[in-house]
Amino acid sequence: MYRYLGTPVGGRRLSRKLGLHGNNSQFTLAGEPLRILGGSVHYFRVPSAYWRDRLMKAKACGINTITTYVPWSLHQPERDVFNFQTQLDLESYISLAAELGLWVILRPGPYISAELDLGGLPSWLLQDENMRLRTTYPGFTDAVNVFFDKLIPKIVPLQFKKGGPIIAVQLDDSYGSYAKDNRYMAFIKEALTSRGVSEMLLTSDLSNGLKAGGVNGAIRTMKLWKLRTKDMQELNSVQPNSPAMVTDIWSGMADAWGDLHHVLAPEDMVSTVREILRRGMSINLYMFHGGTSFGFMSGALGIPSYKAIVPSYDYDAPLSEAGEYTPKYHLLRDLFSRYNKTVEDVVA
């Protein structure tokens, strides 16, 4: 399954002893410099028959890393019901990325946001009238432990050091914007590492949440629309000797019922991406391909007023909801061609 990440023709075998590392200003993988050029493609928003098409188009654009959230609410829709089949076959999706020569950054939550109902947390948690979500309240941590007992054993063999494509794992999502329990992120870190997660750990926040959303032993990364000087100053102040990464550079925005389709001009987005790369940073496009929020999985916006999110998750992404190329795709492909270092380059 992982022959594409093994020994290329005429190349040497990739050492799996050293995973993703942050050495001052740059990431290294197996001891070699790696700039992450990531793109988010959510397996649960794309029919499985189209997974290969979307990932091949990502690689053709110059993407070397696929990122995806893992929706707890879909994998455990009822307290005693788990689903990792067909459309939710995460192992097959990650294995396909490996087959195509792509690295993977996994974002297993438990909270993932992603414009999902309750941020991807299962609604049955609210049957506990005392529930305190995203805290170390026992009713929540017990439920997280049960879910992780099912999920994590599926992904541990797919980690880089075990021959797989997963090079990093993100803890929760944007916790700095919530931050109700200063023990929570340490709990999530322990819940993952105690079950065998050994690759680099990441957190992801807006610049004003970097400090509160971080935890010792995890690289802090940013979410943003535009790269501002104060964003870099904030990141450097809380994390001065680590490589910088934008885990979510937004390619557009989710649409709400009653609003017009949100569009971000291709030139504006690519200009921001260009500046991020010029500074030597790694990047992930959110979204590279949005797909569709099937059924009733869509969430809602609460500020400044309640607005439900539509099923389309087109996101004005480089690949449209239908998987078609857009002007953003072509501009990004031209830009990434100057920076891209593929899996084959790393192992050659």
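Below you will find a few notes about this structure. Given the structure is predicted, the values throughout are model-derived calculations rather than measurements.

**Some thoughts on the packing of aromatic side chains**
And step 1. As enumerated under the stated definition, the model contains 17 aromatic pairs in all.
And step 2. Ring centres of W72 and F147 lie 5.4 Å apart, and the angle between their planes is 15 degrees; on these two criteria the pair is classed as stacked. Taken together, the residues W72 in helix α2 (residues 72–75) and F147 in helix α4 (residues 138–155) connect sequence positions 75 residues apart.
And step 3. Given the relative accessible area of 0%, F147 is considered buried.
And step 4. Site record: aromatic cluster; members linked through ring pairs are W72, W124, F140, F147, F148, Y175, Y178 and Y184.
And step 5. Above the face of the Y178 ring, R134 is positioned so that its terminal group lies 4.8 Å from the ring centre.
And step 6. One residue, K150, lies across the ring of F82, its end atom 5.2 Å from the ring centre.

**Some points on the packing of helix α1 (residues 51–61) against helix α9 (residues 327–336)**
And step 1. The contact between α1 and α9 brings their axes to 8 Å, and the two run at 50 degrees. Our classification of the angle between α1 and α9 gives oblique. For the pair formed by α1 and α9, the contact residues are K57, A60 and C61 on the first element and Y329, L332, R333 and F336 on the second.
And step 2. Per-class residue counts for the contact of α1 with α9 are five nonpolar, no polar and two charged.

**Side note on the environment of A191**
And step 1. Considering the arrangement of structural elements, one finds A191 in helix α5 (residues 184–193).
And step 2. When the C-alpha atoms of A191 and F148 are compared, they prove to be 7.5 Å apart, with 43 residues separating the residues in sequence.
And step 3. Once residues lying within four places of it in the same chain are set aside, the contact partners of A191 are N145 and F148.

**Digging into the environment of Y50**
And step 1. One can find Y50 in the loop between β4 (37–41) and α1.
And step 2. Placed 36 residues apart in sequence, Y50 and T86 show a C-alpha to C-alpha distance of 12 Å.

Basis of the calculations
Residues numbered from 1 in each chain as written. Predicted model: local features only at pLDDT ≥ 70, side-chain atom pairs only at ≥ 80, totals over all residues. Heavy atoms only, no water. Phe/Tyr/Trp six-rings, centres within 6.5 Å; stacked < 30°, edge-to-face > 60°. Helix = DSSP H or I, 4+ residues; strand = E, 2+ residues; numbered from the N terminus. Buried < 20%, exposed > 50% of the residue type's maximum accessible area, 1.4 Å probe, protein only. Lys NZ or Arg CZ within 6 Å of the ring centre and 35° of its normal. Axes fitted to C-alpha atoms, helices over the stretch in contact; angles between N-to-C directions. Parallel < 35°, antiparallel > 145°, perpendicular 65-115°, else oblique. Contact = heavy atoms within 4.5 Å. Nonpolar A, V, L, I, M, F, W, Y, C, P; charged D, E, K, R; others polar.

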